[in-house]
Amino acid sequence: MIEIKRDKYLNKLIKKKDNGRVKIITGIRRCGKSYLLFELYKNYLLRNGISENQIIEMPLDEIDNIQYRNPFELNAYIKERITDKNKRYYIFIDEIQFCEEVSNPYIKDSNEKVTFIDTVLGLMKISNVDIYITGSNSKMLSKEVLTQFRDRGDEIHVMPLSYAEFWVAYQKIHTQVKSPISPIMINRNDAWWDYCSFGGMPYVLVLDTVEEKSQYLKDLFDETYIKDIIERNNIRNDKEVLEILLDFVSSSIGSLTNPRKLENRFLSERKINISHSTITKYLDLFIEAYIMDSAKRYDIKGSQYFDTPLKYYFTDIGLRNARLNFRQIEQTHIMENIIYNELINRGYNVDVGVVQYAKREKDNQGEEKKVRVQLEVDFVVNHGNKRYYIQSALNIDNPQKREKEVNSLNRIDDSFKKIIVVKDDIIPWYDEKGIQYVGVQEFLLNERAMDI
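Definitions and cut-offs
Residues numbered from 1 in each chain as written. Predicted model: local features only at pLDDT ≥ 70, side-chain atom pairs only at ≥ 80, totals over all residues. Heavy atoms only, no water. Helix = DSSP H or I, 4+ residues; strand = E, 2+ residues; numbered from the N terminus. Rg over C-alpha atoms; globule rule 2.2 N^0.38 Å. Buried < 20%, exposed > 50% of the residue type's maximum accessible area, 1.4 Å probe, protein only. Contact = heavy atoms within 4.5 Å. Areas by Shrake-Rupley, 256 points an atom, 1.4 Å probe, with all protein chains shown as cover. Lys, Arg positive; Asp, Glu negative; His and termini not counted. Charge placed at Lys NZ, Arg CZ, Asp CG, Glu CD. Pairing = 2+ DSSP bridges. Axes fitted to C-alpha atoms, helices over the stretch in contact; angles between N-to-C directions. Parallel < 35°, antiparallel > 145°, perpendicular 65-115°, else oblique. Left-handed = near helix turned anticlockwise from the far one by under 90°. Nonpolar A, V, L, I, M, F, W, Y, C, P; charged D, E, K, R; others polar.

### Observations regarding the overall build of the chain
Here's step 1: Within the chain one finds 15 helices and 16 strands.
Here's step 2: The C-alpha atoms of the chain give 25 Å as radius of gyration, which agrees with the globular expectation for 452 residues (22 Å, within 12%).
Here's step 3: Principal-axis analysis of the C-alpha atoms gives the chain an extent of 85 × 65 × 45 Å.
Here's step 4: Of all 452 residues assigned to the chain, the portion counted as buried reaches 51%.
Here's step 5: Partitioning the intrachain contacts of the chain with sequence separation of at least 6 by distance along the chain shows that 67% fall at a separation of at least 24.
Here's step 6: For the chain, the accessible area works out to roughly 22,400 Å², and carbon and sulfur atoms hold 46% of it.
Here's step 7: Averaging the locations of the 67 positively and 69 negatively charged side chains of the chain gives two centres separated by 3 Å.

Below, the structure is given as structure tokens:
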């Protein structure tokens with residue numbers, strides 16, 4: 001099994017080691033959280049003088065550990081293994097959302113509940129422990145737990161492999177089958193198409209055939225993500241609705257939509273009457289499970305947000321493609337989704353930009369009237385005092401296509417950087433108005449590409 005480097009996340013854990021706070025590693029299931037903690041970080045500790053018996057591991061998603069989904073049992077198990085006050089212990093609890101809440105058995109006729117939060121807060125009071133937990137549900141972890149821990153918790157959010165991580169691993173895997181007799185040329189474009197089709201879930205990399213990769217991704221949806229959402233939210237009767245909603249959103253990534261539009265689509269295409277409020281609830285469940293994310297629209301000139309419509313993007317493009325049985329591999333929307341994920345991965349705040357302006361045009365009677373026009377900028381990207389405007393363009397190989405992409409950018413009158421990302425490999429260049437053009441692979445592989 002080849003080691004897949006996740007240096008960005010590993011370095012974050014190393015930096016936060018022994019800081020007195022609980023480290024909360026979040027992200028979609030099977031994106032590599034357990035591998036990061038139980039392999040990469042554990043090996044780092046072992047290489048730096050920590051012994052095996054100082055590392056206490058508890059993967060709660062394994063059936064052998066089902067009794068420790070009770071917070072009292074989990075607490076007892078861990079404390080039994082903290083045997084030497086002169087040693088520091090590193091506690092790894094994997095998929096902590098499996099730890100159930102139970103009634104407090106010591107208070108009669110009380111509705112008080114005990115949860116994993118009580119277990120972790122208690123363990124944090126032990127001076128010679130350093131605690132790490134992973135989880136795959138943002139409602140339970142990012143919001144609730146970080147609120148409970150207040151200033152005592154640090155979140156490290158792990159995403160599926162970025163294209164840069166994927167490319168490094170891809171080269172290693174294909175180099176293993178090289179031989180002096182028949183050398184294999186590792187083609188970056190082959191890697192790109194593999195990534196666009198099957199995404200960055202780490203296990204996909206070690207599968208050999210298209211059929212194996214496709215089936216693995218489909219099974220992840222059916223046996224893991226949908227099953228988790230249904231069981232944790234007790235919505236078994238609406239499984240079909242969840243499936244259809246996923247299909248609708250999958251088929252419209254990069255397009256503006258909202259729950260009311262989706263409500264109408266259910267009725268017109270499937271003859272299913274479901275309220276937009278229920279659709280909103282189910283979309284939130286997908287976001288909480290890290291399956292997808294949403295981007296709001298931002299009026300660049302008016303400096304305000306629109307409540308609706310939104311754009312939805314999948315956390316992993318391979319999962320999105322699997323949801324549609326790999327029938328809709330349209331390069332434009334896939335590239336946009338991949339760029340969105342990369343920007344989020346780099347720690348930026350990302351919105352969909354709107355540029356509004358007024359123009360005069362003649363109506364059917366030949367009279368001039370003022371018309372309000374809205375143009376879109378794919379991404380308004382913010383980080384501190386920095387801002388970038390980014391367009392994802394499959395190509396700009398004729399004047400009409402180029403004019404379409406630059407029109408909205410040229411109407412923004414501030415001095416922040418404007419970038420157009422194209423599919424082809426090109427040498428980055430600037431036009432006469434200062435707009436930068438860069439190839440998508442250069443953009444994804446080089447974190448400094450936005451500042452060249």
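### A short note on the sheet that holds strand 12 (residues 368–383)
Here's step 1: A sheet is described by the order of its strands in space; here nine strands give the open sequence 8-10-9-11-12-13-14-16-15, paired in mixed fashion. Looking along the sheet, the strands with just one partner apiece sit at the ends: strand 8 (256–257) and strand 15 (429–430).
Here's step 2: Here strand 11 (residues 349–362) pairs with strand 12 via 13 bridges, running antiparallel. Across the sheet, residue N349 finds its bridge partner in strand 12, namely N382.
Here's step 3: Here helix 11 (residues 276–288) sits on the sheet and contacts strand 9 (292–299) and strand 10 (304–314); the angle it forms with strand 9, its principal contact strand, is near 110°.

### Some details on the packing of helix 3 (residues 71–80) against helix 4 (residues 116–124)
Here's step 1: Direction vectors running N to C along helix 3 and helix 4 enclose 25°, while the axes themselves pass 8 Å from each other. Relative to helix 4, helix 3 is oriented roughly parallel. For the element pair helix 3 and helix 4, the recorded crossing hand is right-handed. In contact with P71, L74, N75, I78 and K79 of helix 3, helix 4 contributes F116, T119 and L123.
Here's step 2: Of the residues in the contact of helix 3 with helix 4, the class split is five nonpolar, two polar and one charged.

Read these as spatial facts, not as claims about activity.
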